[in-house]
Amino acid sequence: MDSRKIYACKDHVEDAMDDFINYEETFPIIEEVKGVKCNYCENDSCYIIKSKE
Ligand SMILES: [Zn+2]
């Protein structure tokens, strides 16, 4: 998984933030997205968690 960009549905957004912070040791920004599959389950994601740059 590309740790700099994690797609997550609303059930997994907290897991995604934890994973991001573990990998990147910084806080991510979160934006709403549509039409991409969650990295943690088969649902469509609602959010992208990514680094600021
Ligand atoms: Zn999910």
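Residues numbered from 1 in each chain as written. Predicted model: local features only at pLDDT ≥ 70, side-chain atom pairs only at ≥ 80, totals over all residues. Heavy atoms only, no water.

(A) Quick peek at the pattern of salt bridges. Applying the stated criterion to the full structure yields three salt bridges. Lys 37 serves as the salt-bridge partner of Glu 42, at 3.4 Å between the closest nitrogen and oxygen. Given a relative accessible area of 62%, Glu 42 falls into the exposed group. The partly exposed category is assigned to Lys 37, whose relative accessible area is 45%. (Salt bridge = Lys/Arg side-chain N within 4 Å of Asp/Glu carboxyl O. Buried < 20%, exposed > 50% of the residue type's maximum accessible area, 1.4 Å probe, protein only.)

(B) Up close: the coordination of the zinc ion. Coordination sphere of the zinc ion, protein contribution only: Cys 9 (SG), His 12 (ND1), Cys 38 (SG) and Cys 41 (SG), at 2.0 to 2.4 Å. Expressed as a motif, the donor residue spacing for the zinc ion is C-x2-H-x25-C-x2-C. Placement of Cys 9 in the loop between strand E1 (5–8) and helix H1 (13–24) and of Cys 41 in the loop between strand E2 (29–32) and strand E3 (47–50) is noted, with a sequence separation of 32 residues between them. Since its relative accessible area comes to 4%, Cys 9 is described here as buried. (Donors = N, O, S within 2.8 Å, 3.2 Å for Na, K, Ca; no water. Helix = DSSP H or I, 4+ residues; strand = E, 2+ residues; numbered from the N terminus.)

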